[in-house]
Protein chains: 2
Amino acid sequence: MSSLTDVSTYALTEAQERIQQDLLTALDAFAIPEPLKGAVYHAVMLGGKRVRPALCYATAALNPNQNAAAVRRAAVAIEFIHCYSLAHDDLPCMDNDLLRRGQPTCHVAFGEDTALLAGDILQSMAFEVLGSRLFDQGAAVDAPIVLKQMQILATATSKMVNGQVLDLQAEGKHVNQEQLENIHRNKTGALISAAIMMAAVTIFNGTDQAIPKLREFGLAIGLAFQVQDDILDIIADTEVLGKTAGKDQQVDKSTYPALLGLEQAKEYAETLHNQAVNALAYFGDDATELLKITQFLLNRKS
Amino acid sequence: MSSLTDVSTYALTEAQERIQQDLLTALDAFAIPEPLKGAVYHAVMLGGKRVRPALCYATAALNPNQNAAAVRRAAVAIEFIHCYSLAHDDLPCMDNDLLRRGQPTCHVAFGEDTALLAGDILQSMAFEVLGSRLFDQGAAVDAPIVLKQMQILATATSKMVNGQVLDLQAEGKHVNQEQLENIHRNKTGALISAAIMMAAVTIFNGTDQAIPKLREFGLAIGLAFQVQDDILDIIADTEVLGKTAGKDQQVDKSTYPALLGLEQAKEYAETLHNQAVNALAYFGDDATELLKITQFLLNRKS
């Protein structure tokens, strides 16, 4: 990825380096017995796009005076939640996936019991990090803001699980576009929105116009991300994707290309992308970082 | 249980009725799609001793002016965490238990995937409840106290998972008493202590002598609970226990009776019980409710 010179890719690479460092700092702060420790590091440190932390940082960049420590903790916490969901999603009783990010999935490498517990502990570790003094460097903790972040994260995590259930229920059935959107707003959209809102509450308060604008942006970008994911599952090959391509069709999942056709799905991704960009207009040049990520997400190949 | 007239049993029955009502109120506040909803209600509403909520209420009774809503939320949250851990513990890749509280376990009744997700969502729901306005009736939220409760709950939940790993690692191996205590302080003790401390922070602040005294009490009672559990696994029959008795011996688990012999394990439970009672002396008559529970826990038959 470092060989690419595209500006939007570079922006995400920078965020990836930041979060990689902070994830490691956070993980190293925990005392976890083996073999769980190995499984937790495996689940978290293998890589991935780190889209949620990148959205967190880019939202925080709307105001350079933000509470940097609270944003860094939020980015780690949300990535822990994402990694827990992947470890559990891959389990034999769920998607039974053997490959993730080009590596053996957590249960293949460490066994089902340990993979289950790795997902479990990553969830509580996310809340531990959020409520900790990590990255604070002596600054005072703003309890009302941390509490808001916890509320956002907990609600989004529950929604994510609800979305997984809706998704499982829809397998092999015909769902319409409204039902499909409901699945994805919960399954992936909620956590992507949470990444944005957990940074937003460190800058703006509830009466600010910025909050509804960012919520609008989050909804559009979250859905765009999923539509693009569905498209990539069809057009990308396994090597570039780092996971088994074509898997959705194999298990008869409801997807946007299946529902709308590939070309119309691509158009829909474009429409959502424009909605996201329009919501950011309110912030003018301050939204440069968010715009770069938006661009990256639509153009990504994996 | 209502036919028994023993005072200490009555105290727990009262707590059981309170928590049963509050758990239902909390669950009903969530929108969960089926079949997950059924699995979550199954995991939470089947009953159980409700020891952790009872400890929460009894600790709050140390001061009648406590923040009632924050205590009620804490009791619900900690029971959600406990129920999530049972749903995951019973899974085929873990203990593979078919029977819990005299009923089919969650995965037997709802399938492995739904039982996994029920445990997952109960964890995030616990943090949602803790950060919510549930039971508030218009009172203001004290963010620093809620934040402390979240820190306590998150840390204890991670410790519980670490304890499960230590327990799995110890199967079929000889462990000494120090290692066994380390397992149980994490696996069951942490959550029992958390039940006490989440109520304690609504009453006392960090400089108060009460906090270390309650911590001492929590450590003793948590360990006493586990020692008694090990003893009951040997002497109780499956019908009274509501789960498969003798299971520990079947899977060659390290237990206190296995390590110390049955009689010495009983003596050790008594010693821990006395430690717990001594720690409560600081509170005088205010600790009546905590003393009743302590008595109940040592005398319980299931």
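Residues numbered from 1 in each chain as written. Chains lettered and ligands numbered in written order. Predicted model: local features only at pLDDT ≥ 70, side-chain atom pairs only at ≥ 80, totals over all residues. Heavy atoms only, no water.

- The name an unreviewed UniProt entry assigns to chain A is Geranyl transferase, from the organism Acinetobacter gandensis.
- In its Cofactor (unreviewed entry) section, the UniProt record describing chain A reads: "Mg(2+)". (UniProt positions renumbered as here; feature names shortened; annotations may be inferred.)

**Quick notes on helix 3 (residues 51-60) of chain A**
Consideration 1: Most of helix 3 of chain A is tucked away, with 10 of its 10 residues classed as buried.
Consideration 2: Those residues of helix 3 of chain A not exposed but buried are A:Val51, A:Arg52, A:Pro53, A:Ala54, A:Leu55, A:Cys56, A:Tyr57, A:Ala58, A:Thr59 and A:Ala60. (Buried < 20%, exposed > 50% of the residue type's maximum accessible area, 1.4 Å probe, protein only. Helix = DSSP H or I, 4+ residues; strand = E, 2+ residues; numbered from the N terminus.)

**Quick look at the packing of helix 2 (residues 36-45) of chain B against helix 6 (residues 112-130) of chain B**
For any two helices packed against each other, the geometry comes down to the angle between their axes and how far apart the axes lie.
Residues and elements named next belong to chain B.
Consideration 1: Interaxial distance between helix 2 and helix 6 falls to 9 Å at its minimum, and their mutual angle equals 70°. On the basis of the axis angle, helix 2 is roughly perpendicular to helix 6. Of the residues in helix 6, those in contact with Leu36, Ala39, Val40, Ala43 and Val44 of helix 2 are Thr114, Leu117, Ala118, Ile121, Leu122 and Met125.
Consideration 2: Across the contact of helix 2 with helix 6, the residue classes break down as 10 nonpolar, 1 polar and no charged. (Axes fitted to C-alpha atoms, helices over the stretch in contact; angles between N-to-C directions. Parallel < 35°, antiparallel > 145°, perpendicular 65-115°, else oblique. Contact = heavy atoms within 4.5 Å. Nonpolar A, V, L, I, M, F, W, Y, C, P; charged D, E, K, R; others polar.)

**A word on the relation of the copies chain A and chain B**
Consideration 1: Rotating chain A by 180° and moving it 0.0 Å along the rotation axis overlays it on chain B with an RMSD of 0.0 Å. Here the two chains are linked by the operation of a two-fold rotation axis.
Consideration 2: Of the interface residues in chain A, 100% have counterparts in chain B that sit at the interface too, so the contact is made through matching surfaces. (Least-squares fit on C-alpha atoms with pLDDT ≥ 70 in both.)

**Side note on the side chain of A:Arg73**
Consideration 1: With respect to the helices, strands and loops of the structure, A:Arg73 is situated in helix 4 (residues 68-89).
Consideration 2: Setting aside its immediate chain neighbours within four residues, A:Arg73 contacts A:Val129, A:Leu130, A:Ser132, A:Arg133, A:Leu134, A:Phe135, A:Asp136 and A:Val146.

**Focus on helix 13 (residues 262-280) of chain A**
Residues and elements named next belong to chain A.
Consideration 1: If you check helix 13, its first and last C-alpha atoms are 28 Å apart, about what 19 residues at 1.5 Å a residue would give, namely 27 Å.
Consideration 2: Listing the buried residues of helix 13 in full gives Ala265, Tyr268, Ala269, Leu272, His273, Ala276, Ala279 and Leu280. Buried residues of helix 13 fall within an arc of 140° about the axis and therefore sit on the same side. Facing away from the buried side of helix 13 by more than 90 degrees, the exposed set consists of Glu263, Glu267 and Asn278.
Consideration 3: Those residues of helix 13 that are buried are in contact with helix 8 (177-200), helix 9 (210-235), helix 12 (256-260) and helix 14 (288-299). (Expected span 1.5 Å × (residues − 1). Arc of directions from axis to C-beta.)

**Topic: unusual backbone geometry**
All names here are of chain A.
Consideration 1: Going from Glu34 to Pro35, the amide bond is cis rather than trans, its omega being 5°.
Consideration 2: Assignment of secondary structure puts Pro35 in the loop between helix 1 (7-28) and helix 2 (36-45).
Consideration 3: For Asn96, which is not glycine, the phi dihedral falls at a positive 50°.
Consideration 4: Counting through the fold element by element, Asn96 comes out in the loop between helix 4 and strand 1 (99-100).
Consideration 5: Judged by its relative accessible area of 40%, Asn96 falls in the partly exposed class.
Consideration 6: The phi dihedral of Arg101 is positive, around 55°, even though this residue is not glycine.

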